[in-house]
Amino acid sequence: MSENTHLQAISAAVIDGELEDAVNATQAALDSNIDPLEILNQGLMDGADEVGKRFERFEYFLPELMLAGRALKGAMEIVKPALLEKYADSSQMKGRVVAATVHTDIHDIGKNIVSSMLTASGFEVTDLGVDVPIKSIINKAEEIDAQIICLSALLTTSMPFMKDLINLLEARGIRQKYIVLVGGAAVTAGWAAAIGADGTARNAADAVKLAREKMLEKA
Ligand code: B12
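Each value, and the rule that gives it
Residues numbered from 1 in each chain as written. Predicted model: local features only at pLDDT ≥ 70, side-chain atom pairs only at ≥ 80, totals over all residues. Domains from an automatic or database assignment. Contact = placed C-beta atoms within 7 Å. Helix = DSSP H or I, 4+ residues; strand = E, 2+ residues; numbered from the N terminus. Nonpolar A, V, L, I, M, F, W, Y, C, P; charged D, E, K, R; others polar. Expected span 1.5 Å × (residues − 1). Buried ≥ 20, exposed ≤ 12 C-beta atoms within 10 Å, placed from the backbone. Arc of directions from axis to C-beta.

**What about the domain arrangement of the chain?**
Annotation of the chain at the domain level lists domain 1 (3-87) and domain 2 (95-218). Centre-to-centre, using C-alpha coordinates, domain 1 lies 24 Å away from domain 2. Of the residues lining the interface, 11 residues belong to domain 1; the matching set on domain 2 comes to 9 residues. Among the secondary structure elements, those contributing two or more residues to the side of domain 1 that touches domain 2 are helix 3 (36-56) and helix 4 (62-87). The dominant element in the side of domain 1 that touches domain 2, judged by the number of residues it contributes, is helix 4, at 8 residues. Looking at the side of domain 1 that touches domain 2 residue by residue, the classes come out as 7 nonpolar, 2 polar and 2 charged.

**Some details on helix 2 (residues 19-31)**
Under the 1.5 Å per step criterion, the end-to-end length of helix 2 is 18 Å for 13 residues, consistent within 8% with the ideal 18 Å. Three or more residues of helix 2 are buried, namely Ala22, Ala25, Thr26 and Ala29. Viewed end-on, helix 2 has its buried residues packed into an arc of 100°, placing them on one side of the element. Residues Glu20 and Asp31 are exposed on helix 2 and point more than 90 degrees away from its buried face. In the core, the buried residues of helix 2 are packed alongside helix 1 (3-16), helix 3 and helix 4. Note on helix 2: the residue one or two positions beyond its end, Asn33, has a positive phi of about 65°.

Structure below.
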């Protein structure tokens, strides 16, 4: 089987919302030595994007979205150890991070993999979960003396809470203390710049690279 066929099988299983197929296809791709980052980006995230498109076209509804989420989560458990092994470098402690999916948003598959990759790369991550009010995120960052705040949002209606958090940091005179990274399917570099965030990344491996670079810049 070619690499493309493997990746397409993973996408197809996500699109069909088939947990078992997604897990098996992911395992088969790993067994064929396909890069776990390709599996995440091309297999899983491309599948998720197609599910999203079908949802927008009213071909899919909430049940299909939920099944796709279940398939994504199952496959992620398989690909995660391989991703960590290949891309994480935990040689030294890199800094403290507070991570959260912002208020009103319960999407956590992408945020969880970002948190796991950061942890495995030597960051000390406090993951507050989903639907987290901005004040709770800031309070936790202050409490643990974090250097980085990682915000995830997949809904365009929840993305403005990222801006609100940065505004609140500014109002409290503590904006400079933190590196604020933002991400999620609809977050672009343009959005990150417009709200005054310190950066964004399209996937978990790039998120770790970015976090490292920003820590070095600040040191
Ligand atoms: C699965 C899914 C669900 C599942 C989520 C399960 C879960 N536990 O997360 C369920 C069924 C619960 C769900 C619910 C809903 N969903 Co939904 N969902 C999706 C879907 C298909 C996949 C999301 C996903 O997991 N992708 C895979 C992960 C790995 O990718 P990712 O999250 O983008 O993360 C990567 C990067 O973005 C980045 N990253 C992520 N976070 C961060 C943070 C930082 C700091 C950095 C640097 C990087 C980074 O790294 C990650 C790993 O590589 C998307 C479609 C899509 N294109 O994403 C729609 C989508 C996000 N959902 C959508 C909608 C509308 C909803 C609902 C409102 C539906 C409804 N009518 O109820 C609800 C909202 C519930 C709520 N209040 O949050 C829309 C949002 C539209 C919009 N523009 O706002 C989308 C885009 C579908 C669409 N195209 O219409 N959903």
